[in-house]
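Given next are the chains, with one letter for each unit.
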Amino acid sequence: MAKQEAVRVVGLSKWFGDFQALKDVNLTVSHGERVVICGPSGSGKSTLIRCVNTLEDHDDGEIIISGVKIGENPSSDKKALAEVGMVFQQFNLFPHLTILENLTLGPIKSRGISKADAERLAMKYLERVRIPDQAHKRPSGLSGGQQQRVAIARSLCMEPKIMLFDEPTSALDPEMIAEVLDVIVDLANEGMTMICVTHEMGFAKQAADRMVFMDGGEIIETGSPDAFFTAPETDRCKRFLDQILRH
Ligand SMILES: Nc1ncnc2c1ncn2[C@@H]1O[C@H](COP(=O)(O)OP(=O)(O)OP(=O)(O)O)[C@@H](O)[C@H]1O
Ligand SMILES: [Mg+2]
């Protein structure tokens with residue numbers, strides 16, 4: 001396997017009972033590459049990225065992260081998975097903790113960092129997501145866009161090399177989408193490897209190196225944003241783009 005591969009998914013299949021949610025999915029993402037995944041509801045986008053960081057088990061196929069085949073050795077799995085951060089549609093912040101406490105919890109507990117160092121790290125990433133002034137508030141005192149930026153900062157505090165985003169802006173009011181996407185674009189420009197499920201096609205055009213279109217548990221089409229948006233190869237992809245670009 002080439003060293004520069006961040007994530008490689010080989011022949012991945014996943015069933016929920018009798019229903020096959022992923023069908024022989026193959027995807028390789030290089031270090032520094034930004035991949036945007038889109039596709040209709042139920043096409044398996046979340047399942048795919050949840051399998052990548054083992055939030056879901058898979059039934060067939062392989063997941064390889066930075067050269068480590070997941071599922072063979074618990075200690076190498078742990079090390080490889082520590083490189084992967086994830087941001088969900090819902091922010092999942094602890095409501096009873098301040099923003100700073102939300103951010104320092106992971107580093108103190110699972111990375112063994114001192115409280116002072118964890119707070120320095122947290123402030124660094126709060127600055128990165130442009131809300132250092134919110135550090136001492138509780139999540140309920142922040143807007144949705146600010147809470148999602150905290151969730152991104154929380155993930156960055158674990159110093160991941162690969163970020164997975166699952167529709168990070170779809171729970172936000174429209175006026176807050178841009179502030180979150182701007183932060184993700186900043187990360188992309190800094191060279192973060194990312195796999196982002198989103199239907200924000202303006203963002204995709206701006207930030208993606210490669211588009212992936214899923215339907216029915218399969219990757220139907222991949223391509224550069226230019227080719228993908230101007231000349232999709234399949235009817236299914238054309239129809240999907242027509243629908244979402246109309247809005
Ligand atoms: N825990 C589960 N149990 C049973 N079926 C599931 C489960 N999670 C997902 N599925 C099914 O698997 C399919 C893929 O779901 P998934 O959440 O990956 O789709 P998606 O592409 O992310 O959709 P959306 O755009 O709505 O988020 C769907 O048909 C869904 O109903
Ligand atoms: Mg989903």
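So, here is what we can say about the structure in this document.

Criteria and thresholds
Residues numbered from 1 in each chain as written. Chains lettered and ligands numbered in written order. Predicted model: local features only at pLDDT ≥ 70, side-chain atom pairs only at ≥ 80, totals over all residues. Buried ≥ 20, exposed ≤ 12 C-beta atoms within 10 Å, placed from the backbone. Helix = DSSP H or I, 4+ residues; strand = E, 2+ residues; numbered from the N terminus. Pairing = 2+ DSSP bridges. Right-handed = clockwise from strand over helix to strand, strands pointing away. Contact = placed C-beta atoms within 7 Å. Axes fitted to C-alpha atoms, helices over the stretch in contact; angles between N-to-C directions. Near = placed C-beta within 6 Å. Nonpolar A, V, L, I, M, F, W, Y, C, P; charged D, E, K, R; others polar.

Section: the pairing of strand S7 (residues 162-166)
In step 1: With five of its five residues buried, S7 lies for the most part within the structure.
In step 2: Neither face of S7 is left uncovered, since the one carrying Ile162, Leu164 and Asp166 and the one carrying Met163 and Phe165 both have all their residues buried.
In step 3: Inspection of the sheet shows strand S6 (residues 84-87) paired to S7 by four bridges, in the parallel sense. Note on S7: the bridge partner recorded for valine 87 is phenylalanine 165.
In step 4: Relative to strand S8 (residues 193-197), S7 runs parallel, the two sharing five bridges. In the sheet register, phenylalanine 165 faces S8, and the bridge partner there is cysteine 196.
In step 5: Handedness of the crossover joining S7 and S8 through helix H6 (residues 174-189): right-handed.

Observations concerning the environment of valine 212
In step 1: Among the structural elements, valine 212 can be located in strand S9 (residues 210-215).
In step 2: The class for valine 212 is buried, based on 23 C-beta atoms found within 10 Å.
In step 3: Between the C-alpha atoms of valine 212 and proline 132, which are 80 residues apart in sequence, the distance is 35 Å.

Some details on the sheet that holds strand S1 (residues 5-16)
In step 1: In space, the four strands of this open sheet follow the order S2-S1-S4-S5, with antiparallel pairing throughout. The sheet terminates laterally at strand S2 (19-30) and strand S5 (68-69), the two strands that pair on one side only.
In step 2: Two elements, S1 and strand S4 (residues 60-65), share five bridges in a ladder whose sense is antiparallel. Across the sheet, the residue bridging to valine 10 is glutamate 62, located in S4.
In step 3: Sitting on the sheet, helix H1 (residues 45-52) touches S1, S2 and S4, and the angle it makes with S1 is about 120°.

Some thoughts on the site of ligand 1
In step 1: The environment of ligand 1 is formed by Phe16, Phe19, Ala21, Gly39, Ser41, Gly42, Ser43, Gly44, Lys45, Ser46 and Thr47.
In step 2: Listed by contribution, the elements that provide at least two residues to the shell around ligand 1 are S2 and H1.
In step 3: For the shell around ligand 1, the leading source of residues is H1, giving three residues.
In step 4: When the residues that make up the shell around ligand 1 are grouped by side-chain class, the tally is three nonpolar, seven polar and one charged.

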